[in-house]
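A structural walkthrough
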Amino acid sequence: MEVTSIQNGIIIDHVPAGTSLKVLEYLKIDPAKTKLALIMNTTSKRFGSKDIIKIEDDKDIDLDVLGFVARQATVDVVRGGHIVEKKQPHLPEHIVGVIKCVNPRCVTTSEHDIKQMFHLVHSDRLEYRCDYCDEEAKL
Amino acid sequence: MIGKSVISLDDLSIAQIQDLLHKAQYIDAHRKEVSHTCEGRVLATLFYEPSTRTRLSFETAMLRLGGKVIGFAGAQLASVTKGETISDTLKTVSNYVDVVAIRHPKEGAALVASRAASVPVINAGDGGHMHPTQTLADLATLQSRFGRVNNLIVGLCGDLMFGRTVHSLIETLCRFGNVRFVLISPEELKTPQYVIDRINATPTCSYVEVRDLASVIGDLDVLYMTRVQKERFFNEDDYLRLRDTYILDEDKLSLAKPHMAVLHPLPRVNEIAVEVDDDPRAAYFEQVKNGMLVRMALESSVVGDDLPGYEPLNPKEVQA
């Protein structure tokens, strides 16, 4: 499978297979308004399969959000058709305004003026919990 | 601790918890001397759901310190019915009072309140989440019965899955260390993994999970009873089969050590037979008294009023 390389932009590589649309959603990148290519379920030496997102544009990627939704992903910055920088997201200690708490008894379901906030509890298990009710975060 | 909100016991250091327990004992022995400690202070009890026992305890605590109390009980009375947020209510009430105790059915409500308030907020129970002063009452009862809160074999019996008081007590005792837990529950109501993880992460603590109370009661220093609620079971047969296993009566108590303490967060339904009340090992009504004493200790501490004649345990650590 061949996809024309981008000249200036970014490549989000090693996205877990089948999740790239979801990753774009969390990164608040609208595929309807962005020049991008998605390669889904392609072969990966490291993970068996993966998705790749290529964006022909200077997009600011929130690495904290990417680390949260796709920990294994990498970000390549492309200039003039060459990769000039590689970025590796880290697991953020705290995430704000990315996902909603799924606990129906959480105060965030009734107090609409407060931000959804989660904190990292266990990095090996990728476990985040709601700041308010301690419910485990679910993507 | 002056100006500090207490949403969970993790907000307090071990030294601060120990000092509160020490203060509670001092207050009990010096009730008259401390009766003017918070003169001129006002406590607001904002109870968005009814809880007569807890509200009376918070209010009595402030009254016994010489302060006054305002508040509401039941959200239907409050401006919440007009759509006011918790944050706005707290920003308003902060102008009236020196300390707030809040109870709310939503989990995390007390944290929202503390972030909006300009005075200390004490969590009096936020849904099934946290109820730190209940755990302080439990610890104060251990302290008064044994002179310590660790180096004990602590049995917890009944609904260990949904009981927040149980989780909070286990987690706090793990911070003190040197506790052996005996977790007595039906398979359906076993202790959640995150609580087990906390015990496993504490080298000086250990646990065993069992189903039968009678077979282990003789080993225990403390038996913390909880209610096994019918609605927690998937079918009624299981409930009926297990219900009686977790009722503490004189027969089972006869197998226990003479100085074991029986605790229960109350209210009970039928899990402790009334005949046990007269046994010297029954400590659950003492727990209620200790609840008021620790609330007195906490309210006076967060508003910054010193108890006359009281010497802190470790002043530097407590202030930290």
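Sequence order as written defines the numbering, with residues in each chain counted from 1. Whichever chain is written first becomes A and whichever ligand is written first becomes 1, with later ones labelled in order. Per-residue local features are limited, in this predicted model, to residues with pLDDT of at least 70; the limit for side-chain atom pairs, both in listing and counting, is 80 or more; totals at the level of whole chains, interfaces and linings are taken over all residues.

On to the domain arrangement of chain B. Residues and elements named next belong to chain B. All domain edges in this entry derive from an automatic or database-based domain assignment. Assigned domains of chain B: these are domain 1 (9-130 + 290-309) and domain 2 (133-286). A C-alpha centroid distance of 27 Å is found between domain 1 and domain 2. Contacts here follow a simple rule: the backbone-placed C-beta atoms of the two residues must lie within 7 Å. Contacts between the two partners involve 19 residues from domain 1 and, on the opposite side, 17 residues from domain 2. The classification used treats Ala, Val, Leu, Ile, Met, Phe, Trp, Tyr, Cys and Pro as nonpolar, Asp, Glu, Lys and Arg as charged, and all other residues, Gly among them, as polar. Of the residues assigned to the side of domain 1 that touches domain 2, the class counts are 12 nonpolar, five polar and two charged.

Attention now goes to the UniProt feature "binding site: carbamoyl phosphate" (unreviewed entry) in chain B. All names here are of chain B. Mapped onto this numbering, the UniProt entry gives "binding site: carbamoyl phosphate" (unreviewed entry) at Arg53, Thr54, Arg103, His131, Gln134, Leu266 and Pro267. Beyond its immediate stretch of four places on either side in the chain, Gln134 contacts Thr165 and Pro265. With respect to the secondary-structure elements, Leu266 resides in the loop between β9 (261-263) and α10 (284-303). In contact with Leu266, other than residues within four places in its own chain, are Arg53, Tyr284 and Val288. UniProt positions are given in the numbering used here, feature names are shortened, and annotations may be inferred rather than shown by experiment. The way it works is that DSSP assigns letters per residue, a run of H or I at least four long becomes a helix, a run of E at least two long becomes a strand, and they are numbered from the N terminus.

The next thing to look at is the interface of chain A and chain B. Taken residue by residue, the interface counts 14 residues in chain A and 12 residues in chain B. Classifying every residue of the side of chain A that touches chain B by side-chain character gives six nonpolar, three polar and five charged.

Axes are the key here: two packed helices are described by the angle between their axes and the distance separating the axes. All names here are of chain B. Between helix α1 (residues 14-29) and helix α5 (residues 132-146), the least distance of the axes is 10 Å, while the angle of their chain directions is 65°. The pairing of α1 with α5 is recorded here as roughly perpendicular in orientation. Note on packing geometry: the crossing formed by α1 with α5 is right-handed. Across the interface between the two elements, Ile17, Leu20, Leu21, Ala24 and Gln25 from α1 touch Leu136, Leu139, Ala140, Gln143 and Ser144 from α5. When grouped by side-chain class, the residues that make up the contact of α1 with α5 number seven nonpolar, three polar and no charged. Only the stretch in contact is used when fitting a helix axis, every axis being a line fitted to C-alpha atoms; angles between N-to-C directions are given from 0 to 180 degrees. Note on angle classes: values under 35 degrees are labelled roughly parallel, values over 145 roughly antiparallel, values of 65 to 115 roughly perpendicular, and the remainder oblique. We call a crossing left-handed when the near helix sits turned anticlockwise from the far one by less than a right angle, and right-handed when that turn is clockwise.

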